[in-house]
Every structure is written in structure tokens, then in C-alpha cells.
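Examination of the molecular architecture
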Amino acid sequence: MSRFFRGLTIVWVVLRYGLDELVLSGFKHPSLNTLRRVLTIGRKLEAPRGERLREALEQLGPIFVKFGQVLSTRSDLMPPDVAQELAKLQDRVPPFDSQIAIETIERNFRKPLDQIFVSFERTPVASASIAQVHFATVRDRDGQEREVAVKVLRPGMKKVIDKDVALMYMMAGWVEKLSNEGKRLKPLQVVAEFDNYLHDELDLIREASNAAQLRRNMDGLNLVLIPEIFWDYCHAEVMVMERMKGVPISQVDRLREAGVDIPKLARDGVTLFFTQVFRDGFFHADMHPGNIMVSLDAATFGRYISLDFGIVGTLTEFDKEYLAQNFLAFFRRDYKRVAALHIESGWVPATTRVEELEAAIRAVCEPYFDRPLAEISLGMVLMRLFQTSRRFQVEIQPQLVLLQKTLLNIEGLGRQLDPNLDLWSTAKPFLEKWMLEQMGPQRFWRELQAEAPRYAKLIPELPRLVYGYLQQKNGSDQQLVQELLREQRRTNRLLQGLIYGGLGFVLGMLAMQVLTRIRIF
Ligand SMILES: Nc1ncnc2c1ncn2[C@@H]1O[C@H](COP(=O)(O)OP(=O)(O)OP(=O)(O)O)[C@@H](O)[C@H]1O
């Protein structure tokens, strides 16, 4: 019953804020249009559509606010004016009662609070729709007291989420069935992705493992600090990590006064991001200023501090190659290559005419070259590429959309710190190095090394395998001999191919390397 009323409230809000016009520019069924007109008599819709959508989501509560935040990153689906407005959404929720946080902790640990922490601050430092954070002190395995931050999930969130998401599925179903626009917006798929994302956020063990992986990856770069995870204290609803101290990145004046080299900080941000993307294929994808601080501690002065690991992106070798090749082709203004890349990789239907796609990409990219290279936004380029691809029925992979959004965040942050930041020259060495590694002899050796353990295991086993093979074959010897001979001929051909191919590959790659150094950049 409560679901029915919640459903009614949603329909009411949708109509009051005129969202039907945003998504349902035309109902398929004429009688629905009449019904809509009757229900919306007297409403005033002066505010722009994005603003109305934002206000409606705020009215519908924190889960819808989160949905809006996620939608704002779907530049492949949302028109730019709506996306910009949705990006302003902030989950302003009052903190939940500390007693409830404490009960959640005690339930997870099955111990009273004073047996878990040396001390615990009852007033939260921060509170958001899904979790809140308290500071505390624990004793580590060596008996040392350590200051920690304790992230606790808001109780009962799973039920609230399940209920709201069920309604979203219902509404998405309607949009898909009733509206002409429905199919293009893929509402059911968008809600399913959101459902996944929310359920991931509900598992703090997952977030803690993301943090641990990122900390390991970033170790040795000396550019960023990532909190250590106290695994003995982590549960699905409670995460305990090292307490980080620093100045929020938004307080640039304070950082400057303290003597932080701001242009270097801007460059470091780009370096960090590209290392995560092109070296590790594992990147922090929630880089809003609230999650970034800078250390003023003498030992780690001027280094970034990164927080909140609920959203990370992972990229396959294929994704990385796609990105690197597209960026390089773009900067050489080789639109034919960009188009060909899309077709080769199967991103656009094979029937697409390369010239047509090339023309569309040219129209999108060429205006960027009006400005100095240093001013070009890679995030924007990607976004425009994705928008163009959409016209050609390309399904943009979610991890690439996430990357594009993060890239925009990083660029925004970098340019806010240093308006003269030359993104391209900071990014170039990464692409260059990555391309060389992908095409050069390094890759050959890397793959050989990766395969070596398999061969090391296989070769000593060969006599046993052959014996087993012979034992199994009880057929005529003649047939067996024939089969073995065939096998031997096949192996010989394979070896020959490998040797010639390998030699050709190495020579080709050496030549490519020379050419790349001379021509590409
Ligand atoms: N390890 C930490 N050390 C110090 N402060 C922390 C730490 N972790 C979190 N905080 C504080 O708590 C705030 C919220 O943390 P976090 O971003 O992880 O929570 P969240 O619920 O995911 O919030 P949001 O979704 O709004 O970003 C941070 O902005 C920071 O002020």
C-alpha cells in the first residue's frame, strides 16, 4: 500500500514539475496526452527544464538525488543543459542519531563500543545519504594508539533503496512503453546500472578493498596519500581507516599561504589520474573537491590526500588502447583514423560508412583547434565523441563514460588551481609511453614472460601426457602413427610461423618505434 502512495507521490511530482515534457515529449497514445493535459491544468513552468528536474529529484528524497547525480554523468544520454543542472545536486541530509550509528557498530562487531575503540567521537564529521563518518581511536596490532575515521552505513538504507529502485523500474518501464523517446533513453538499462551502483555503495568491504588496491598502486609515486584500511575493524556496514589530516583542495588561498606549489599540484593531479588510467587501468572515479585534501605535514608536504573509494573505474587493455589511439588520432586531426577505429573495434555497426562518420567527427572536433592546444579539454573531446557516436548507434561502455566524467573533474580541478595548466603536455608522455609499451618489444617480452610459467610447467609434463595419450588410444597403431605425424607437422608449422612472425614483429616494432619517435608527436 505504501508503495502505491509513494508511486502516486512520484507521478504527482513528475507532473507538477513538468517532467513529462522533458522525457515524454510525445506519448504514443493520444488519450494519455489528454489525461496529462487535464492533470496539469494551471501549473507554471517558467524555470528551465533542468532546474525543474533537479528540484523534483530533491523533493523525492536522497535516493532520487543520488540518481540525479549519476544521471548528470551520463553525457551520452542527457542533454548538456540538463546534465549541468543535475551536477549541482547535493545530498543535504541531516545526520542520523549517533546512538543509531553506535548500535550499528556494536551489531556488526558483536561487542560494546568501549571494547572496540579507545575513544569514539559521537558527533559525526560528515553525513551523506548513504553513510556518515565519525572520528575515533583504536589500538593497532602493535598496541599503538591510532587515530581513525569510522564510516557507518545509514541504517535501513537497503529497504529504502529497494523500495525506491522498484518504483524507478516501474516508471522506467512506463517511459519505455509509452513514450516515443523511451527507447533511445534506455531507461530500464539506466535504472539497472543505478541499482548496481547503489548496492555496491552499500558494501563497505568493497569500498575498503578499492582503497587498499589504490593505496598499493599509488605507493612509490609520492604524490598522493590514501588511508590505510584497518581490516580487523571492517564489516559490511562499518569501515575503519586511517584518519587523514589536510586542507581541503577548495581552500587554495590557505594552501598558497602555507607555501604549497600550486601549479605543481595541478600537474600532479593530471599525472596521478593518467597513471591510474593508463598504467593501472584502475581509477578513482569520484574526484569531487569534497573528497580531496592536501597534506601540510612536514614529511608529506604538498601531497594529495584522496578519500571516498565507493566508485572506481576499471579499464581493460582494449579500452586503454581505444582511448590512447583516439586521443593520438585526434591530436593529429586524423578524423578518418578516429572513424576507422570505431568501425574496426565494432563500436559502430559494420555497415556504417567511414566517410559519414569521419564527417560527423570532424564537425565535432575541428572547432577545438581554434584554441591553443593547452586549452583543449580531453574530457570535452571524449564527451563530444561519445555524443557523435550515439547518433551512429554506438553503445558507450559505462566505464568509459565514468572515465570521461572523471577526466572533466580532473581538468576542472587542475585549471582551477592553475589556469595555465597545459593538460596535453602533461598527458602526452603517458600516451607516448603507453603506445610504445603496447607496440614495442617490451610487450613481446612481457607476453613471453607471462607465458613462461605455463611452458615451464608443460614441458616436464610432456612425456607423461604423451604416454597418457598413447594409453588412451587403443585403436590401430597405423592410425596412431598417422595422427602423431599430423600433430608433428602441425607443431612444426606453428613453430616456423612463430619464429618468422616473432622476427617480423620485432623488426616491425623497432621500425615503428623509430617512426613514432620521429612522426607522431
Ligand atoms: N579517512 C578519513 N580521514 C579524515 N576524514 C575523513 C576520512 N574519510 C572521510 N572523512 C571525512 O568524511 C567526509 C565524508 O566521507 P566520504 O566522502 O567517504 O563519505 P560519503 O558518504 O561517501 O560522502 P559523499 O558521497 O557525499 O562523498 C569526507 O569529506 C571527510 O571530511
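Scoring rules and cut-offs
Residues numbered from 1 in each chain as written. Predicted model: local features only at pLDDT ≥ 70, side-chain atom pairs only at ≥ 80, totals over all residues. Heavy atoms only, no water. Near = heavy atom within 4 Å. Polar contact = N/O pair within 3.5 Å; in protein donor to acceptor, adjacent residues only side chain to side chain. Areas by Shrake-Rupley, 256 points an atom, 1.4 Å probe, with all protein chains shown as cover. Helix = DSSP H or I, 4+ residues; strand = E, 2+ residues; numbered from the N terminus. Nonpolar A, V, L, I, M, F, W, Y, C, P; charged D, E, K, R; others polar. UniProt positions renumbered as here; feature names shortened; annotations may be inferred. Buried < 20%, exposed > 50% of the residue type's maximum accessible area, 1.4 Å probe, protein only. Contact = heavy atoms within 4.5 Å. Pairing = 2+ DSSP bridges. Phe/Tyr/Trp six-rings, centres within 6.5 Å; stacked < 30°, edge-to-face > 60°. Lys NZ or Arg CZ within 6 Å of the ring centre and 35° of its normal. Expected span 1.5 Å × (residues − 1). Arc of directions from axis to C-beta.

Looking at the site of the ligand
Not every one of the 16 residues close to the ligand is listed here, only the nearest: Lys151, Glu242, Met244, Asn291 and Asp308. Here Lys151 contributes a side-chain N or O atom positioned 2.8 Å from an oxygen atom of the ligand. Coverage of the ligand by the protein amounts to 82% of the 610 Å² it exposes when considered alone. Of all the elements in the fold, those that place two or more residues in the shell around the ligand are β3 (131–139), β4 (145–153) and β6 (238–242). The dominant element in the shell around the ligand, judged by the number of residues it contributes, is β3, at three residues. Here the residues of the shell around the ligand sort into nine nonpolar, three polar and four charged.

Some thoughts on the UniProt feature "active site" (unreviewed entry) in the chain
Under the UniProt annotation, "active site" (unreviewed entry) lies at Asp286. Relative to the helices and strands, Asp286 is located in the loop between β8 (282–284) and β9 (292–294). When its relative accessible area of 13% is taken as the criterion, Asp286 is described as buried. Every residue in contact with Asp286, bar those within four places of it in the chain, is listed here: Asn291, Asp308, Ile311 and Lys405.

Observations concerning the sheet that holds strand β10 (residues 304–306)
Two strands in a sheet stick together by hydrogen bonds in their backbones, pointing the same way (parallel) or opposite ways (antiparallel). Strand order in the open sheet made by the four strands is β5-β10-β9-β7, with mixed pairing throughout. Each of the sheet's edge strands pairs with one partner strand only, and the pair in question is β5 (224–225) and β7 (247–248).

Let's talk about the environment of Val312
Tracing the chain through its elements places Val312 in strand β11 (residues 312–314). Given a relative accessible area of 15%, Val312 falls into the buried group. Residues Val312 and Ala285, spaced 27 residues apart in sequence, show a C-alpha to C-alpha distance of 4.8 Å. For Val312, the residues in contact, after removing those within four places along its chain, are Asn210, Phe282, Phe283, His284, Ala285 and Leu402.

A short note on the packing of aromatic side chains
Summed over the entire model, instances satisfying the criterion amount to nine aromatic pairs. With a centroid separation of 5.4 Å and 35° between ring planes, the pair formed by Phe117 and Phe120 is classed as tilted. Classification of Phe120 by relative accessible area gives buried; the value is 15%. Centroid distance Phe117 to Tyr233: 6.5 Å. Interplanar angle 20°. Geometry classified as stacked. Note that Phe117 is positioned in the loop between α8 (113–116) and β1 (119–120) and Tyr233 in the loop between β5 and β6, a separation of 116 residues in sequence. Residue Tyr233 is classed as buried on the basis of its relative accessible area, which comes to 14%. Joined through ring pairs, the aromatic side chains of Phe109, Phe117, Phe120 and Tyr233 make up one cluster. The ring of Phe135 carries Arg243 above its face, with NZ or CZ at 3.7 Å from the centroid.

Topic: helix α7 (residues 98–109)
Over its 12 residues, α7 extends 16 Å from the first C-alpha to the last, a length consistent with the 16 Å expected when each residue adds 1.5 Å. Buried within α7 we find Ser98, Ala101, Ile102, Thr104, Ile105, Asn108 and Phe109. Along the axis of α7, the buried residues cluster in a sector spanning 160°; they form a single face. Structurally, α7 contributes buried residues whose contacts are with α8, β1, β3, β4 and β6. Regarding α7, its N-cap is Asp97, as a side-chain oxygen of that residue lies 3.1 Å from the backbone nitrogen of Gln99 further along. Of the residues trailing α7, Arg110 is marked for its positive phi of about 55°.

Quick notes on helix α17 (residues 354–365)
Residues spaced three or four apart along an α-helix face the same direction, because each turn holds 3.6 residues. Given a rise of 1.5 Å per residue, 12 residues ought to cover 16 Å, and the 16 Å separating the end C-alpha atoms of α17 matches this to within 8%. All of the buried residues along α17 are Leu357, Glu358, Ala360, Ile361, Val364 and Cys365. Angular distribution of buried residues about the axis of α17 spans 165°; they occupy a single face of the element. The inward-facing, buried residues of α17 contact α15 (317–331), α16 (335–344) and α18 (378–391).

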